[in-house]
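# Overview (structure and organization)
Here is how the chains run, residue by residue.
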Amino acid sequence: MLDRSRGLPLLAAAALGFAVLAFAAGRAAGLETLGLTLTGLVLAAALWFGRPLSSFLSIFVVLFTAEYIVFGALVLASGLGLWPTALAGLVPPPSLPVTVGIFGILVVLIGRIPVIRTIVGIADRYFETSDTTTATIGTWVRWTGRERRLAVAAVVFLVLVNQAQVAISVRLSFFNRDWFNAIQNRDEPTFWSLLYTVFLFWAMILIASSVVEYLVQSSLLIRWRRWLTGRYVDQWLGEGNHYRMGFAGASADNPDQRIAEDIKSFTDTTYSFSIQLLSQVSTLVSFSIILWGISADFTLPGTEIRVPGLLFWIALAYASAGTLITHLIGRQLIPLFFNQQRYEADFRFSLARLREYGEQVALLGGEPTERRLLGGRFGAVVENFYRIVNRRKLLMMFTSLYGQMSVIIPYVVAAPFYFLNKVQLGTLTQTAGAFGRVEGSLSFFIDRYVVLADYKAVVDRLSTFDEAIGRGQVLGRTEPRIAHAAAPDGAVAVRDLTLRLPDGRAIVAVDSLTFRPGETTLVTGPSGSGKSTLFRAIAGIWPFGEGRIEVPTGRSMLLLPQRPYIPIGPLRGAVLYPAGEGAHDDAAIGEALRLARLPQLAERLDEERSWAQTLSLGEQQRLALARAILARPDWLFLDEATAALDEPMEEAVYRMLAEALPGTTVISIGHRSTLVGFHERRIDMRPGAAGLFAPVDVRSAVPAQ
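Overview of the structure.

## A few points about the pattern of salt bridges
Inspection of every chain in the model, using the stated rule, returns 24 salt bridges. Of the charged contacts, one joins E261 and R348 as a salt bridge, the two residues approaching to 3.4 Å between their closest N and O atoms. Separated by 87 residues along the polypeptide, E261 in helix α9 (residues 255-294) and R348 in helix α11 (residues 333-356) bring together distant segments of the chain. Taking the relative accessible area as the measure of exposure, R348 reaches 35% and is therefore partly exposed. Close ionic contact of K456 with D460 constitutes a salt bridge, the shortest N to O distance being 2.9 Å. Taken as a pair, K456 and D460 lie in helix α16 (residues 449-474) at a separation of four residues, close to a single helical turn. It is possible to trace a salt-bridge network through shared partners that takes in R516, E519, R681 and D697.

This is the structure we're talking about:
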């Protein structure tokens, strides 16, 4: 947000001061400054009472306020005779400072609309960041500084370029008038002079500005998207938040789509609509003045009733009616687009899951069921798609009729004056062109309603994703909660702990439990007794419950689940995960694979593929053990991490861990009785009187080997 204590009050004071100056100058010199004064007063009030203001919108407000003062000062200087006569062509028309002042007022007012506040709330994160960045311009200029400063500079530059393009369009409108008049009058010298000295000059500038605008715009959008993507990924993955968000319900569904697709759509569309809307408003004001002047003496067709600015009022009424009807027809598209994105993402996710578990599905003969499930999910895609088609069909019928009618309306109204020889051909064409530009600006929302509906769905998805991230960050961090503290004696201790399910139901109660360093322990118990939940609580990722867990500081812990995560890519990266490339050399990786009884993989470190589908579950578990060998943790928790191995292989693996990791304390979860012999201590999860499972310390009947 723009600093409410300094930024907006100073801006308001500047606008107020200039408004007072304009009023005084007008009174003293007899100048018409009422519009300039009123605009400044309203702008100052909007700035003062509009606090706080979005950082993104404040860029436009500051720019428009500065332009109001600068352009107004030029107009006053010219009116007071203080401006050099030789530079009279550089003085803007008196309507220009009023126009940009109104722009500033509109931006402040728009910023109070709830949906706009939601949109700019997402955008502001980029324009308020304190991150530093480096940018290169061409091959010579290299700039280092705050990312937000570069972003603000880019937006200001693009707004100025856009305003310049509108000004060039206005100039070419007058060229069009004079050129067609020259054609009507068969004035060949004027025809060629206008073509070479006016059209070619401004057309080349317009083309060059469009190219520069594209380059700056593209750079801004990719940097904006990169920053937002990084922020969302950081928040999603930060401190295991992605795991806790899984308990947040449907609002956290398909994070891949929200991060990959919705952010791109948000940055592109936010920029597009903010700049395009500014362009349309600029065009509206500029060409409305032209249209008003041309039709100042027009009368209603077939009557003698004079209506000043007739064509402007017709364009305003026509576009207003069209906008209202368009909204009534198309408003149902917003929830339809929201659902379509969700159905598409669900279908893609189902296909990805089927690919991941292809072997299991084949072994179970589950193809018919998968076809039915996929058909159902794609059926939802198709059904919602037809709803969109039916609604867009009605919208298309109306907008097509609207567009066709808008082409002929200015000619119908202005033609009688042409036939009466009251206007020339050039004026008629300028009238049609100005009417088209004004009507097109007023029809901005009609022409883009479908895109706006889709954009609203994107904003809703990002805002609900933000809410899910917020809930995930709070989950397990408010009282009552599981507190983690440093263990004074180097042991892992659990005190007065109650573990709950996401629905709030308690499943485990632990009065006191200590895992001593150097003592291998086996945790047993029936399925659903909370063994894995206890391990996850010790690891610090389970958020449901209350109590205290003490873990030794400065000691590393590693938990291996029954089904390990193996990323797609080179085998080297899969073995090193989560450590990055270079954490261990190939010799160490090969030795770890050999110890994990996977010597056949040692020569395939550069091979890139989906290893989760290539390796059997037993091989995946041994690959995870190779990671443990490389990581050499102080504490190693095995949550049925060898359940897919046969008993001889499991025995070999446990003996290997004892030899390869002599300083590691191993805590295991398992059901096999053979595991007892590899642990010095056994803890059994047993149901208590209240139905809650509690750990019971049982000394193993088989001596440790």
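## A few points about the nonpolar core
Generally speaking, soluble globular proteins have nonpolar side chains that are buried together. In terms of nonpolar packing, the biggest core is built from 61 residues, with F60, W224, Y232 and F266 touching the most fellow members. It is helix α3 (residues 55-79) that provides the largest number of residues to this core, a total of nine residues. Formed by 37 residues, the second largest nonpolar core is a distinct cluster that contains L601, A626, L638 and L645.

## Quick notes on the packing of α3 against helix α5 (residues 114-127)
Close contact between α3 and α5 brings their axes to 7 Å; oriented N to C, the two are set at 90°. With respect to α5, the element α3 is oriented roughly perpendicular. Together, S55, F56, L57 and I59 of α3 and I116, V120, A123, D124 and F127 of α5 make up the contact between the two elements. A per-class count over the contact of α3 with α5 returns seven nonpolar, one polar and one charged.

Quick notes on the rules
Residues numbered from 1 in each chain as written. Predicted model: local features only at pLDDT ≥ 70, side-chain atom pairs only at ≥ 80, totals over all residues. Heavy atoms only, no water. Salt bridge = Lys/Arg side-chain N within 4 Å of Asp/Glu carboxyl O. Helix = DSSP H or I, 4+ residues; strand = E, 2+ residues; numbered from the N terminus. Buried < 20%, exposed > 50% of the residue type's maximum accessible area, 1.4 Å probe, protein only. Core = buried A, V, L, I, M, F, W, Y, C linked by side-chain atoms within 4.5 Å. Axes fitted to C-alpha atoms, helices over the stretch in contact; angles between N-to-C directions. Parallel < 35°, antiparallel > 145°, perpendicular 65-115°, else oblique. Contact = heavy atoms within 4.5 Å. Nonpolar A, V, L, I, M, F, W, Y, C, P; charged D, E, K, R; others polar.

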